[in-house]
Amino acid sequence: MTNLPKKQIKHLLSNQNLADVLDIQTGNTLIRANTGTGKTWYVINKLMPLCHVVFLCPTVGQVKQCEEIYGDRSDIAFIYGDKRIPKDSLKSLAKKNLVMTYDQFTRFETFLSQESILVIDECQKLYGAGYRDKAIQPILKAIKSQKFDRCLFLTATLTEPLFEKLGLHVSQYYDIQKKTELERNITLIKYTKPHILNVYENVLERVLKNRKLNKNKVVIIRLNNISISKQLKVMFEKHGCKVMLINREEMANQKCHDMLSLEKIDCDYEVVLCTSIMDEAINLHNADEEIDSNHIIGQH
């Protein structure tokens with residue numbers, strides 16, 4: 001039997017956002033809402049002007065994308081590992097709304113008040129085995145000790161039994177749904193002789209067909225291996241394909257900077273090879289007809 005409160009299902013109309021259906025009260029609030037329903041927009045544009053908000057994100061890419069879009073806001077500080085912030089600046093920075101990676105929380109915790117709203121984006125990372133325990137434990141400890149009057153947990157992919165194992169008391173549980181007419185196809189391909197480069201011929205065939213039909217479509221390949229991604233890039237480029245790499249090594253490059261700023265993949269590229277850095281919460285607003293297909297590679 002679940003320990004979560006009764007789920008409040010809210011249906012968003014096409015012209016509505018989360019602020020129209022949410023009422024955040026004292027305690028811990030769990031919000032499950034699909035990608036594209038405006039969770040980040042709600043936190044930055046609705047909550048931050050009213051309250052002091054500490055917005056925690058699991059990846060640097062997510063924080064950088066927020067910085068690209070809202071970097072002109074003087075009331076927000078964007079914090080991640082690449083920024084060298086002197087210790088004597090932490091207290092003054094903590095007075096601003098904070099958008100930062102999970103691992104930066106301990107640096108600012110001392111200076112945060114009980115009235116601050118703690119928002120944990122991609123909260124499924126709190127129980128995911130793949131994320132860093134050292135970064136997560138201080139956050140869980142602060143929540144359990146009721147350091148903050150209000151905490152928000154945001155996710156698009158919630159596994160309720162695993163979330164419950166965290167032992168966090170939840171006062172409100174919202175499930176936000178928005179109608180979409182888009183239909184998606186999922187195809188599972190299992191090769192007789194598995195090899196990580198097997199995807200090459202299938203993707204190349206799609207790219208050459210699009211080129212023949214004069215269609216500017218992007219094929220996205222999610223492959224969590226930077227060295228193999230580089231190898232595939234060379235293979236595609238031998239056929240004249242324009243290829244973009246998105247991974248932690250590339251995030252500082254201008255092409256990735258533009259992608260985060262515009263929230264869109266440049267359709268001049270025919271193939272995009274990305275790692276797990278793009279799995280969640282990096283918003284891309286390409287039109288459906290601009291994306292040919294999305295290939296997720298690897299048995300795991």
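Here's a quick rundown of the structure. What you see is a predicted model, and the numbers here were worked out from it, not measured in a lab.

About the cut-offs
- Residues numbered from 1 in each chain as written.
- Predicted model: local features only at pLDDT ≥ 70, side-chain atom pairs only at ≥ 80, totals over all residues.
- Heavy atoms only, no water.
- Disulfide = S-S within 2.5 Å.
- Buried < 20%, exposed > 50% of the residue type's maximum accessible area, 1.4 Å probe, protein only.
- Helix = DSSP H or I, 4+ residues; strand = E, 2+ residues; numbered from the N terminus.
- Pairing = 2+ DSSP bridges.
- Axes fitted to C-alpha atoms, helices over the stretch in contact; angles between N-to-C directions.
- Contact = heavy atoms within 4.5 Å.

Attention shifts here to the state of the cysteines. Should the sulfur atoms of two cysteines be covalently bonded, the bond is a disulfide. For the structure on display, the rule yields zero disulfides. The structure places no disulfide on C123, whose sulfur is separated from the nearest cysteine sulfur, that of C151, by 12 Å. Given a relative accessible area of 0%, C123 falls into the buried group. Sulfur of C256: no disulfide; nearest cysteine sulfur belongs to C274 and is 10 Å away.

With that settled, the discussion passes to the environment of K165. Summarising the element assignment, K165 is placed in the loop between α6 (160-164) and β8 (172-178). Looking at K165, the relative accessible area reads 68%, which means it is exposed. Each C-alpha atom of the pair K165 and Y127 lies 8.0 Å from the other, and the pair is 38 residues apart in sequence.

Now for the sheet that holds strand β9 (residues 218-222). Here we have four strands laid out as an open sheet, ordered β10-β11-β9-β12, and parallel in their pairing. The open sheet terminates on both sides in strands that have one partner only, identified here as β10 (243-246) and β12 (291-296). Recorded for the sheet is a direction-independent mean angle of 15° between the axes of neighbouring strands. Across four bridges, the pairing between β10 and strand β11 (residues 271-274) is parallel. What sits directly across from L245, in β11, is L273. Helix α7 (residues 199-212) contacts β9, β11 and β12 of the sheet and is inclined by roughly 175° relative to β12.

These results come straight from atomic positions and should not be treated as a statement about function.
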